[in-house]
Amino acid sequence: MSTSGNAGEILRERLQDAYYATLPDPGNPGHAVAFGTSGHRGNALSGSFTESHIIAICKAIAEHRKTLRATGPLFLGMDTHALSLPAFRTAVEVFAANDVDVMVQEGEGFTPTPAISRAILVYNRGKKSGFADGVVVTPSHNPPEDGGFKYNPPEGGPASPESTSWIQNRANALIAEGVGAVARIPYERAHESGRVHVMDYVLPYVRDLGNIIDMKAIRDAGIRIGVDPMGGSNVAFWDPIASEYGLNLEVVNRTVDPSFSFMPPDRDGRIRMDCSSPWAMKNLCAMKDSFDISFGTDPDSDRHGIVTAGGGLMQPNAFLAAAVDYLFGHRPGWDKTAGVGKTAVSSAMIDRVAAGLGRPLFETPVGFKWFVQGLLDGSLGFGGEESAGASFLRSDGTVWTTDKDGIILGLCAAEILAVTGKAPDVLYGDLEKRYGATTYERIDVPATGEQKARIKRLAADPSLVGKGTATTPEAVITNAPGNGASLGGIKVVFGDGWFAVRPSGTEDIIKLYSESFSGETSLRRLQGEAFGLLGIER
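Overview of the structure. Please read these numbers as outputs of a predicted model, since none were measured by experiment.

1. A word on the sheet that holds strand β19 (residues 497-503)
Then comes step 1: Strand order in the open sheet formed by five strands is β16-β20-β19-β18-β17, and the pairing between neighbours is antiparallel. Every interior strand has two partners, whereas the edge strands, β16 (439-446) and β17 (475-479), have only one. Neighbour to neighbour, the strand axes of the sheet diverge by 15° on average, direction disregarded.
Then comes step 2: By the bridge criterion, four bridges tie β17 to strand β18 (residues 486-494) in an arrangement that is antiparallel. Within β18, the position partnered with Val 476 by the bridge is Val 492.
Then comes step 3: Running at roughly 145° to strand β20 (residues 509-516), helix α18 (residues 520-534) makes contact with β16, β18, β19 and β20 of the sheet.

2. Here we look at helix α12 (residues 348-357)
Then comes step 1: Taken residue by residue, α12 has Ala 348, Met 349, Ile 350, Val 353 and Ala 354 as its buried positions.
Then comes step 2: If you follow the buried residues of α12, they end up packed against α11 (316-329), β12 (339-343), β13 (361-364), α15 (424-435), β19 and β20.
Then comes step 3: For α12, the N-terminal capping position is held by Ser 347, with its side-chain oxygen 3.0 Å away from the main-chain nitrogen of Met 349.
Then comes step 4: At the C-terminal side of α12, Gly 358 shows a positive phi close to 75°.

3. Quick look at the packing of aromatic side chains
Then comes step 1: In this structure the tally under the stated criterion is 13 aromatic pairs.
Then comes step 2: Aromatic pair Tyr 205 and Phe 237: ring centres 5.7 Å apart, planes at 75°, arrangement edge-to-face. Within this pair, whereas Tyr 205 is found in helix α7 (residues 202-208), its partner Phe 237 is found in the loop between β7 (225-228) and α9 (238-245), the two being separated by 32 residues in sequence.
Then comes step 3: Under the relative-accessibility criterion, Tyr 205 is labelled buried at 1%.
Then comes step 4: Linked through ring pairs, Tyr 19, Tyr 20 and Phe 49 together constitute an aromatic cluster.

4. Details of the pattern of salt bridges
Where charged atoms from two side chains of opposite charge come close, those side chains can pair.
Then comes step 1: Taken as a whole and judged by the stated rule, the model has 37 salt bridges.
Then comes step 2: Among the ionic pairs, Lys 150 bridges to Asp 302, the shortest N-O distance being 3.8 Å. Here Asp 302 lies in the loop between β9 (293-297) and β10 (304-308) and Lys 150 lies in strand β5 (residues 146-152), a separation of 152 residues in the sequence.
Then comes step 3: Residue Lys 150 is classed as buried on the basis of its relative accessible area of 7%.
Then comes step 4: In this structure Asp 302 comes out as buried when scored by relative accessible area, which is 2%.

5. Concerning empty space enclosed by the protein
Then comes step 1: If you walk through the whole model with that rule in mind, you get three cavities of 30 Å³ or more.
Then comes step 2: For the largest cavity, the calculated volume is near 60 Å³.
Then comes step 3: Residue lining of the largest cavity: Thr 343, Ala 344, Val 345, Thr 364, Pro 365, Val 366, Leu 487, Ile 490, Lys 491, Ala 500, Val 501 and Arg 502, and that is the complete set.
Then comes step 4: Of all the secondary structure elements, the ones that give two or more residues to the lining of the largest cavity are β18 and β19.

6. A word on the side chain of Glu 515
Then comes step 1: Here Glu 515 shows up in strand β20.
Then comes step 2: Within the buried core, Glu 515 has no salt-bridge partner, and the shortest N-O distance to an opposite charge, that of Lys 342, equals 6.2 Å.
Then comes step 3: Within the structure, the side chain of Glu 515 is placed 2.6 Å from the side chain of Ser 347, a separation counted as a polar contact.
Then comes step 4: Side chain to side chain, Glu 515 and Trp 498 meet in a polar contact 2.9 Å long.
Then comes step 5: Those residues in contact with Glu 515, other than ones at most four positions away along the chain, are Ser 346, Ser 347, Ala 348, Met 349, Thr 438, Thr 439, Tyr 440, Asp 496, Gly 497, Trp 498, Leu 523 and Leu 526.

7. Some points on the side chain of Thr 401
Then comes step 1: Structurally, Thr 401 can be placed in the loop between β15 (389-392) and α14 (406-420).
Then comes step 2: The class of Thr 401 is buried, set by a relative accessible area of 0%.
Then comes step 3: For Thr 401, the side chain forms a polar contact with the main-chain oxygen of Asp 403, separated by 2.8 Å.
Then comes step 4: Residues within four places of Thr 401 in sequence aside, it is in contact with Pro 114, Ser 117, Arg 118, Leu 121, Leu 375 and Ser 391.

8. Points about α15
Then comes step 1: Helix length check: α15 (twelve residues) gives 16 Å between terminal C-alpha atoms against 16 Å at 1.5 Å per residue, within 8%.
Then comes step 2: Along α15, the positions that sit buried rather than exposed are Pro 424, Leu 427, Tyr 428 and Leu 431. Axial view of α15: buried residues confined to an arc of 100°, hence all on one face.
Then comes step 3: Looking at the buried positions of α15, the neighbouring elements they touch are β9, β10, α11, α12 and α14.
Then comes step 4: Following α15 by one or two positions, Gly 436 adopts a phi angle in the positive range, close to 95°.

Reading guide: rules and limits
- Residues numbered from 1 in each chain as written.
- Predicted model: local features only at pLDDT ≥ 70, side-chain atom pairs only at ≥ 80, totals over all residues.
- Heavy atoms only, no water.
- Pairing = 2+ DSSP bridges.
- Helix = DSSP H or I, 4+ residues; strand = E, 2+ residues; numbered from the N terminus.
- Axes fitted to C-alpha atoms, helices over the stretch in contact; angles between N-to-C directions.
- Contact = heavy atoms within 4.5 Å.
- Buried < 20%, exposed > 50% of the residue type's maximum accessible area, 1.4 Å probe, protein only.
- Polar contact = N/O pair within 3.5 Å; in protein donor to acceptor, adjacent residues only side chain to side chain.
- Phe/Tyr/Trp six-rings, centres within 6.5 Å; stacked < 30°, edge-to-face > 60°.
- Salt bridge = Lys/Arg side-chain N within 4 Å of Asp/Glu carboxyl O.
- 1 Å grid on protein atoms, 1.4 Å probe; cavity = no way out; pocket = protein on both sides within 12 Å on 5 of 7 lines; lining within 4 Å.
- Points joined across faces, edges and corners; volume = space filled by probe spheres on them.
- Lys, Arg positive; Asp, Glu negative; His and termini not counted.
- Expected span 1.5 Å × (residues − 1).
- Arc of directions from axis to C-beta.

Shape is all these values report; function is a separate question.
Now the structure itself:
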């Protein structure tokens, strides 16, 4: 593993100075703790991710976990962003002082989100009380200057809205009161307190992979596999994986650099480690002919990007559909009634595949938390989001993780090729022949506060939608069919496709999703309907 150069050190020092020196203003909404679909994300330079935030969040978690009967250890991990290490150290100090046993990787090593989720579930297996929970310090695929903090309760996956709301509100109250009263133990003393326990997250995860992926098939096929950790937390996992299972696997970039200076700019010119973006994945795509299959993961390893030798980077929905079709046909240990979990803004191709398999479809709002219970009890064999995050059951039909796992999705792509002789993009082409082709696109659209508020008004009164579109919609959906939960926006269905819009809770953008069953021209018409409905000039 190579380490960062001058650019990374300069960014690290600048962000860490701001992390410790900046005090959030309780009267400034931009400085508040705000849990999104998974956790709190912010920036030390803007005062939204500071030591005070982490002190308050950790104290709130220490209080809240008792209500969940989580009196066992807390599994703590972090990714490679510059703000992750200082936040990790603050968390150790606060948790140890508040009587929480913390499990950490030796040598302050990086730990992927799925390794934390798996560790929680393995520890809690068969227990009636004294449950473990976890925290991952990560802003996911977001820019180098960002920081993030996610809480995973005893179920192992993203926390419920009830939990995140309580933690958020309690943390903001603590900031308003002043976090100086929160108990802390200096970092070195915390490690001597008996509350901090060093463990290995790597080998237990690696050695368990054979229970969810057909590693023997991959080995025997001898396929050439390329992996790009994108400077993320799984960089130390791949050599043990290759050694344990005898894989022909090459890590194409081992650099860990908090500035992520090796990354190509994303579509808007910013650096993001988004393994579903053709711009961010440009480096790996340029190497596609060197491997039979290759894939990338984001910094906390909960997302995946699949690159095939013949087709390049797969659109996330296309791979999810191909994976669903393959897995349900090659996992005889799964319950025959186990269903397919997808978000309402994922491709309708997944609906068609599920129907063709005779499997129930569980359609939810955005957020992997909605799949947690189904993966836990085996009623869902697979749960996936359009943003290239998914997980699925072990081969015997029991739970693997209840958070997204980019590592197993990448290895699943290799298994598909090894077992079927077809790359996942070829398998998806077969699905298009069987079920018809679709054209899908997600766009982040700059929007005013009024335009974002308009979505909320339309969701409150769906009858207004038909008055604002040129074509009368067949349906306006505001609650997910699978669980009845609010979509946080609207989904408008027409005869030739659909669009959905959601206002971002953290940025001045609207997320527009659209899919046509009739090609590119139809897709642009659907997007035009959305722009017209919201009063957005394009």
